[in-house]
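Understanding the architecture of this molecule
Listed below, chain by chain, are the residues.
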Amino acid sequence: MNDGERIRELADQIVVLRDAYYRGSPAVADAEYDAIEDELRGLIEANPGLAPEPNPLEQVGAPAVLHAPIRHSRPMLSLEKATKPEQVVAFFGRFPGQPVVVMPKLDGLSLALVYEGGRLARAVTRGDGTTGDDVTMLVRALTDGIPERVGAPGRVEVRGEAVMLRSTFAAYNVAHPDKPLINPRNAAAGTLRAKDPAVVAERRLRFFAFDLDTEPDSAETDLGRALQTLGFTAAEMRRCADADEAQQVITAIEQQRNDLDYDLDGAVLRLADRGAYAAAGTRSSSPRGALAFKFAAEEKTTVLSDVVWDVGKTGKIAPVAWLEPVFVGGTTVTRATLANQEVIRARGIMIGDTVLVRRAGDVIPFVAGVLDASKRTGAEREIVPPATCPSCEQPLTEQGNSRELFCTNVSCPAQTVRRLIHWASRAAADIDAIGGVWIERLAEAGDLEHPSDFYRLTGERLLEFDRIGEVSAARMVESIDASRQVGLRRALIGLAIPMASEGTAARLCRAGFGSLEEVVEAGVDGLVAVEDIGPKVATSLVEHLTRLRPELERLRERGVSLDVREEDLPPVVAAGAPLAGKTVVVTGAISDPRSGEKVPRPTFQRLCEKAGATIASSVSASTDLLVTGAEVGAAKLAKAEKFDVEVADQSVIWQQLITAGVI
Ligand SMILES: NC(=O)c1ccc[n+]([C@@H]2O[C@H](COP(=O)([O-])OP(=O)(O)OC[C@H]3O[C@@H](n4cnc5c(N)ncnc54)[C@H](O)[C@@H]3O)[C@@H](O)[C@H]2O)c1
Ligand SMILES: [Zn+2]
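Conventions adopted
- Residues numbered from 1 in each chain as written.
- Chains lettered and ligands numbered in written order.
- Predicted model: local features only at pLDDT ≥ 70, side-chain atom pairs only at ≥ 80, totals over all residues.
- Helix = DSSP H or I, 4+ residues; strand = E, 2+ residues; numbered from the N terminus.
- Buried ≥ 20, exposed ≤ 12 C-beta atoms within 10 Å, placed from the backbone.
- Contact = placed C-beta atoms within 7 Å.
- UniProt positions renumbered as here; feature names shortened; annotations may be inferred.
- Near = placed C-beta within 6 Å.
- Nonpolar A, V, L, I, M, F, W, Y, C, P; charged D, E, K, R; others polar.
- Domains from an automatic or database assignment.
- Pairing = 2+ DSSP bridges.
- Axes fitted to C-alpha atoms, helices over the stretch in contact; angles between N-to-C directions.

**Some words on the environment of Gly633**
With respect to the helices and strands, the residue Gly633 is situated in the loop between strand S22 (625-628) and helix H21 (634-642). Judged by the 21 C-beta atoms lying within 10 Å of it, Gly633 falls in the buried class. Spatially, the C-alpha atoms of Gly633 and Ile253 are 8.8 Å apart, while their sequence positions differ by 380 residues. Ignoring anything within four residues of it in the chain, the contact list for Gly633 reads Gln256, Asp259, Leu260 and Thr587.

Printed below as a string of structure tokens:
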């Protein structure tokens, strides 16, 4: 195929893919689509005479099906893309002496909001860039962060991104396993395509502003301040004087990406001065005064080569997707979760399908769905859940609405290994010198069956195995020995009792239980009396701990402490504690001002607790204080503002901790 033919082919593909994408059913992942655009761009650059007519790269969006078309006051454009530092340098080179703001490139859908006489007159989607759809009613009902009124009498147009927060997305998919959303961006677009606001009220979106026109021109030339004054949450903007500084901010945004509650696919550079940005003008499909720096993709497509049913520590049989290796979210992924049968059915997934794999934030990679079922060849196979346990071959039971499968055989070998690995894990006994492979070998050899068996292992016995030297054997024994101090809270976690979470273990310690035996003796009635422990959890605890009585005895005999430890209890609050009675959320990167060294967040939270604070993980109406470290996400700050929560920089709190003698 010659270049001209390839150009034609790519241009046609782009038109088809865009059409599908903007209708809400993308046929490929964004990263793959971008690669097609890049190839076309490269070919046209090399052969300017062969540029297609019309050139899809010079068009924005897609000729959408508009229900209520509204023409934009000025086009809503796409952005010029960059992936290399040199391109950032070149951008600064085009505007000597001009300061630039760098902000996250939020991955949602853009909206134009028009205010007339101080009131929201209409909200319009981007559409094909020239004409968009009127979505005023839906936006009013479904989007947070859009004020009904602004304190400016003339015409005001604010542009920005409406995103579905990751937490909203996850909660929605948990509540609707039968019709899951594929990703937050798609969900945001889908939400505003819906006709009835009430139907999708739980799909709330959040609006972040990044662009502004005012008539008459407002005196404020700084974009971020101008937007805030009007009552909007602006995308977090940082002013940079040169390309080096901008590159640092871009890197910081990329690093903080996992901590944020929304998807971003890059960083946007834009002239900080509103006048300078307008004066720079536009190209056919992008403004000259802005540049998008793209990050690695969090979603890719790959082939689902097989599904393997994995036996968990509580006997749950979970489908695990085996994938052809794919680089996504910063690592090569070969396994992903499929949750349960219902999810597989709802997403219509088959073995051999090309599936969309998502790895965003801290979530475990999961198969979000099949993008284009029309590509099937007929060689795909249905995913059939097993009738018996893949490990012990006992029949399985189905539980719950999502029809999760369980092996209830307590001596199931796979469960045994999983439970032992769990006992040795960091959250429990923390036997860090013995990894999963060794646990499996020891279980196979008959040395390990119950956690208490770890405490019978000797150096001599370990040396009887292949591929182990004296040094490692001694380290293993030492690590086992140290784990005898596990204590009530971590032992309870380590025993992997169904329905009892880490929080349950902490609550029991705080409620005054002194040992695991005391927990069993309390019975269901005694346990439900503890705050936040319900009858199901209490019953499960009593049932399983009663069954485990002999094991508890063996652990005791072998010198393992099952009594509450000081670290299991809330810290003693120092006299004159500065944070006494306050519910505190900590966000961003924390470092000790005395040494400049990074401090893990849990360590800092523990210090705050010593100063009297109750730690919470997310900002809500009951939060009293948000402590901010470096690189704080806009979402947390926006929430603090919404709930009127006091915000303090970490330096202030460190000072208080030092003054109060906490450290
Ligand atoms: N999978 C597919 O088949 C397919 C097809 C077509 C397009 N796409 C995807 O759509 C996107 C391309 O389309 P595009 O032109 O909408 O996006 P773009 O990448 O060119 O970016 C422009 C958009 O970025 C948004 N944005 C977010 N934060 C911003 C900020 N701080 N400042 C300015 N703008 C900001 C705005 O909505 C703006 O419209 C790509 O991500 C592409 O992968 C995918
Ligand atoms: Zn089994």
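Having seen the model, we can carry on.
**Describing the UniProt feature "binding site: NAD(+)" (unreviewed entry) in the protein chain**
UniProt feature "binding site: NAD(+)" (unreviewed entry): in the numbering of this structure it lies at Asp30, Ala31, Glu32, Tyr33, Asp34, Ser78, Leu79, Arg126, Glu161 and Lys294. With the annotated positions falling across 265 residues, the maximum pairwise C-alpha distance of 22.8 Å shows that they are not confined to a single cluster. As for its position among the elements, Leu79 is in the loop between strand S1 (69-71) and strand S2 (81-82). The exposure class of Arg126 is buried, given the 23 C-beta atoms found within 10 Å.

**A short note on the site of ligand 1**
Around ligand 1 lies a shell of 24 residues, among which Tyr21, Asp30, Tyr33, Ser78 and Ser110 are the nearest. Those elements that place two or more of their residues in the shell around ligand 1 are helix H1 (3-22), helix H2 (30-46), strand S3 (100-106) and strand S11 (264-271). Across the shell around ligand 1, the residue classes tally to 15 nonpolar, two polar and seven charged. Mapping the shell around ligand 1 onto the domain boundaries places at least three of its residues in each of domain 1 (3-58) and domain 2 (69-294).

**Details of the sheet that holds S11**
Overall, mixed pairing links the five strands, which are arranged S2-S12-S11-S3-S10 in an open sheet. Two strands close off the open sheet at either side, each with one partner strand: S2 and strand S10 (238-240). In the sheet, S3 pairs with S10 via three bridges, with the strands oriented antiparallel. Looking across to S10, one finds that Val102 is bridged to Arg238. On the sheet, helix H8 (residues 243-256) packs against S3, S10, S11 and strand S12 (290-294) and is oriented at approximately 20° with respect to S3.

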